Amino acid sequence: MTSHDAFRAAMARVPGPVAVATTIDAAGRRWGFTASSFTSLSLEPPLVMVCLGKAASTHAAFTGTGAFLINVLAVDQEGVARQFARSGVDRFTGGDMVPCELGLPGLPGAAARVACDLHTVADGGDHSILIGRVTATFTGAAEPLVYYERTFTRPAAMMRVPG
Ligand SMILES: Cc1cc2nc3c(=O)[nH]c(=O)nc-3n(C[C@H](O)[C@H](O)[C@H](O)COP(=O)(O)O)c2cc1C
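All residue numbers refer to positions counted from 1 along the written sequence of the respective chain. In keeping with the predicted nature of the model, local features appear solely for residues at pLDDT of at least 70, side-chain atom pairs appear and are counted solely at 80 or more, and the whole-chain, interface and lining totals rest on all residues. In computing side-chain values, all of the structure's heavy atoms are included and hydrogens and water are not.

**Q** Quick rundown of the overall build of the chain? Include the residues and the values.
**A** The helix count covers DSSP runs of H or I at least four residues long, the strand count covers runs of E at least two residues long, and both are numbered beginning at the N terminus. Scanning the chain from terminus to terminus reveals 3 helices and 12 strands. Within these notes, the globule rule equals 2.2 Å times the number of residues to the 0.38 power, and the radius of gyration is based on C-alpha atoms. On C-alpha atoms alone, the chain measures out to a radius of gyration of 16 Å, which is about the 15 Å that the 2.2 N^0.38 rule sets for 163 residues. Expressed as lengths along the three principal axes of its C-alpha atoms, the size of the chain is roughly 50 × 40 × 40 Å. For the chain, with 163 residues in total, the buried portion stands at 38%. Two residues qualify as a contact provided that any one of their heavy atoms is within 4.5 Å of a heavy atom in the partner residue. Within the chain, contacts between residues at least 6 apart in sequence are counted, and of these 63% link residues at least 24 apart. A total of about 9100 Å² of accessible surface is found on the chain, and carbon and sulfur atoms cover 57% of it. Neither His nor the chain ends is counted toward charge; the positive residues are Lys and Arg and the negative residues Asp and Glu. The atoms used to mark charge sites are NZ of Lys, CZ of Arg, CG of Asp and CD of Glu. Side-chain charges of the chain comprise 13 positive and 13 negative groups, with the mean position of each set lying 3 Å from the other. Here the term buried applies to any residue with accessible area under 20% of the maximum for its type, exposed to any over 50%, and partly exposed to those in between, with areas from a 1.4 Å probe on protein chains only. For the accessible areas, the method is Shrake-Rupley and the probe is 1.4 Å, while residue cover comes only from the protein chains on display.

**Q** Tell me about the nonpolar core, and name the residues and values.
**A** Phe-38, Val-50, Phe-62, Phe-68 and Ile-70 are the most contacted members of the largest nonpolar core, which has 21 residues in total. Residue assignment for this core shows that the elements contributing at least two residues are β2 (19–24), β3 (30–35), β5 (47–53), α2 (59–64), β6 (67–72), β9 (112–124) and β10 (127–139). With 12 residues, the next largest nonpolar core counts Val-20, Leu-73, Phe-92 and Leu-107 among its residues. Here the nonpolar core consists of buried residues drawn from Ala, Val, Leu, Ile, Met, Phe, Trp, Tyr and Cys, with membership extended through side-chain atoms lying within 4.5 Å.

**Q** Can you lay out the site of the ligand for me, pointing to particular residues and giving the numbers?
**A** As a matter of local geometry, the ligand sits amid 16 residues, with Ser-37, Cys-51, Ser-57, Ala-85 and Ser-87 nearest to it. Residues adjacent in sequence count toward polar contacts only when both atoms are side-chain atoms; beyond that, a polar contact is any pair of N or O atoms within 3.5 Å, and within protein one must be able to donate a hydrogen and the other to accept it. The separation between an oxygen atom of the ligand and a polar side-chain atom of Ser-37 is 2.6 Å. One of the side-chain nitrogen or oxygen atoms of Ser-57 is found 2.3 Å away from an oxygen atom of the ligand. Within the complex, 76% of the 630 Å² of free accessible area of the ligand lies under protein. Broken down by secondary-structure element, the contributors of at least two residues to the shell around the ligand are β3 and β5. In terms of residue class, the shell around the ligand is built from 8 nonpolar, 7 polar and 1 charged. Nearness is defined per residue: one heavy atom within 4 Å of the molecule or strand is enough. Charged means Asp, Glu, Lys or Arg here, nonpolar means Ala, Val, Leu, Ile, Met, Phe, Trp, Tyr, Cys or Pro, and polar covers whatever is left, Gly included.

**Q** Outline the pattern of salt bridges, listing residues and values.
**A** Where side chains of opposite charge bring their charged atoms close, a pairing between them can arise. What makes a salt bridge here is a side-chain nitrogen of Lys or Arg within 4 Å of a carboxyl oxygen of Asp or Glu, nothing more. Scanning the entire structure with this criterion turns up 5 salt bridges. Here Glu-101 and Arg-113 are joined by a salt bridge, their closest N and O atoms 2.7 Å apart. With Glu-101 in the loop between β7 (98–99) and β8 (105–106) and Arg-113 in strand β9, the pair connects residues that are 12 residues apart, well separated along the chain. Pair check on accessibility: Glu-101 and Arg-113 agree, each one buried.

**Q** Could you give an account of the packing of aromatic side chains, naming the residues involved and the relevant values?
**A** Aromatic contacts are taken between Phe, Tyr and Trp rings whose centres are within 6.5 Å, Trp giving its six-membered ring; a plane angle under 30 degrees counts as stacked, one over 60 as edge-to-face, and the others as tilted. The final tally for this structure, using the stated rule, is 3 aromatic pairs. Arranged with centres 5.0 Å apart and planes meeting at 90 degrees, the rings of Phe-33 and Phe-62 form a pair that is edge-to-face. Of the two residues, Phe-33 is situated in strand β3 and Phe-62 in helix α2; the sequence distance between them amounts to 29 residues. Measuring from ring centre to ring centre gives 5.0 Å for Phe-84 and Phe-92, while their planes differ by 85 degrees; the resulting arrangement is edge-to-face. Summarising the burial analysis for this pair, Phe-84 and Phe-92 share the class buried. Comment: the charge-over-ring label is applied if NZ (Lys) or CZ (Arg) is within 6 Å of the ring centre and within 35 degrees of the ring normal. The aromatic ring of Trp-31 is capped on one face by Arg-29, whose charged end is 4.1 Å from the ring centroid. The ring of Phe-138 is capped by Arg-113, whose NZ or CZ atom sits 4.1 Å from the centre of that ring.

Read these as layout, nothing more, since geometry by itself doesn't imply function.
Right under this line is the structure:
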């Protein structure tokens, strides 16, 4: 069995996207969290997934909702990433979010947005795996933000590997 530290060190070598997932609960309240665990899952049907800690303050809202929106952040949106990872604050005070696909809070300057109906909530240890069926997408022109070695970074100007 590997130690927590060794596991975390190995996973820090895996570059990931930086996304903010948003939803609105039955009372009309907005919820959101920063996630690097966003990835595509299936093409037919079109499915994506994002993992959410079971202890997170947003967990009940996201597992009880019918839909969520993934905002894939652009390089100039590191501040939004930090804001939506902050605990015990109203994460929406920055005012960056406007109603987008499905009327859910979204970022006009996002690198991409993926709107989903909640398809399945699967068990993933101390996280829940939120599987969404994609209902709408937006593809932006902005360069995406990348999380690597616990640091916000950019994708090395998207240079191809030689050879
Ligand atoms: C770059 C980055 C990536 C993160 N990725 C995830 C993630 O994939 N899943 C998750 O549950 N929390 C992730 N977090 C933590 C959440 O954004 C948030 O801080 C956490 O859910 C605690 O929030 P709470 O105060 O709502 O409990 C990430 C934070 C950062 C800064």
